Amino acid sequence: MPRPRKRRRREVKRVPRSTATLEEFDRRTCPEGLVTRRQLRERGLSPGGHGPVAVLRCKGCSYRPDQSCNHPTRAWLYSVELARPKRTPTLAQEWALDRAMAARSTCPQCRRRYYFCLPLRTQGCCDPCARGYEPSPDTYFASTASVTHRLAA
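A separate point is the environment of Arg-74. Position of Arg-74 among the secondary structure elements: in the loop between strand E4 (54-56) and strand E5 (75-79). The class of Arg-74 is partly exposed, set by a relative accessible area of 27%. On a C-alpha basis, the gap between Arg-74 and Lys-59 in space is 8.6 Å, while along the polypeptide they are 15 residues apart. Ignoring sequence-local partners within four residues, the contact set of Arg-74 consists of Val-55, Leu-56, Cys-58 and Cys-69.

Shown next as structure tokens:
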């Protein structure tokens, strides 16, 4: 019978709040112009090289207003005025990404390009080739014309 594990109690680092650090806000008390990275992404923006301007405190730290939040569940807040629109990739970058995905989703034996990535590192080919059955037509790109490339876009 295995011995029970001893549970170590985590030491809580109590850091007092000060004006030298970034400003901290509790949940639902954040001003209008500050948003998280996820909210920036939803709006089609990026931080634009600027760092965070405030910290969104975690739920547990809302009960300790005199201490600073240093938990991993805190969030960084960014200013919407300093944010820039997301960069759009060039056509050459999209083409390079599509070729990379084509290499991951094309079987080297039957040359079919699937809608998903294949286990080429472990299996070496697609499942139908490895097990010897005919794949369903809705899992791969049906090429009707003879094309020299197999780009999805």
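Strand order in the open sheet formed by four strands is E1-E4-E5-E2, with mixed pairing between adjacent strands. The open sheet has two free edges, formed respectively by strand E1 (23-25) and strand E2 (34-35), since each of these has just one partner strand. As paired elements, E1 and E4 share three bridges and run parallel to each other. The residue bridging Phe-25 from the neighbouring strand is Leu-56, located in E4.

Our next topic: the confidence of the model for the protein chain. Looking at the protein chain as a whole, its pLDDT mean stands at 84, while 84% of the residues score no less than 70. Per-element averaging of pLDDT across the protein chain places E1 at the bottom with 86 and strand E6 (residues 84-85) at the top with 95.

Bringing the packing of aromatic side chains into the picture now. Within this structure, the stated rule accounts for three aromatic pairs. Between Tyr-114 and Phe-116, the aromatic rings sit 5.4 Å apart at their centres with planes inclined by 40 degrees, giving tilted as the arrangement. For Tyr-114, a relative accessible area of 3% translates into the label buried. Seen in terms of ring centroids, Tyr-114 and Tyr-140 are 5.9 Å apart; in terms of plane orientation they differ by 70 degrees. Their pairing is edge-to-face. In this pair, Tyr-114 sits in the loop between helix H2 (91-105) and helix H3 (127-131) while Tyr-140 sits in the segment after H3, placing the two residues 26 residues apart along the sequence. No difference in accessibility class separates Tyr-114 from Tyr-140, as the two residues are buried. Clustering of aromatic rings is evident, with ring pairs tying together Tyr-114, Phe-116 and Tyr-140. Arg-99 extends its terminal NZ or CZ atom over the ring of Trp-95, reaching a point 4.1 Å from the ring centre.

A rise of 1.5 Å per residue sets the reference length of H2, with its 15 residues, at 21 Å; its end C-alpha atoms lie 21 Å apart and thus fit the reference within 8%. When H2 is considered as a whole, its buried residues turn out to be Asp-98, Ala-102 and Ser-105. Burial along H2 is one-sided: seen end-on, the buried residues are contained in an arc of 75 degrees. What points out from H2, more than 90 degrees from its buried face, is the exposed set Ala-92, Leu-97 and Ala-103.

Reading the values: rules and limits
Residues numbered from 1 in each chain as written. Predicted model: local features only at pLDDT ≥ 70, side-chain atom pairs only at ≥ 80, totals over all residues. Heavy atoms only, no water. Helix = DSSP H or I, 4+ residues; strand = E, 2+ residues; numbered from the N terminus. Buried < 20%, exposed > 50% of the residue type's maximum accessible area, 1.4 Å probe, protein only. Contact = heavy atoms within 4.5 Å. Pairing = 2+ DSSP bridges. pLDDT = per-residue confidence, 0-100. Phe/Tyr/Trp six-rings, centres within 6.5 Å; stacked < 30°, edge-to-face > 60°. Lys NZ or Arg CZ within 6 Å of the ring centre and 35° of its normal. Expected span 1.5 Å × (residues − 1). Arc of directions from axis to C-beta.

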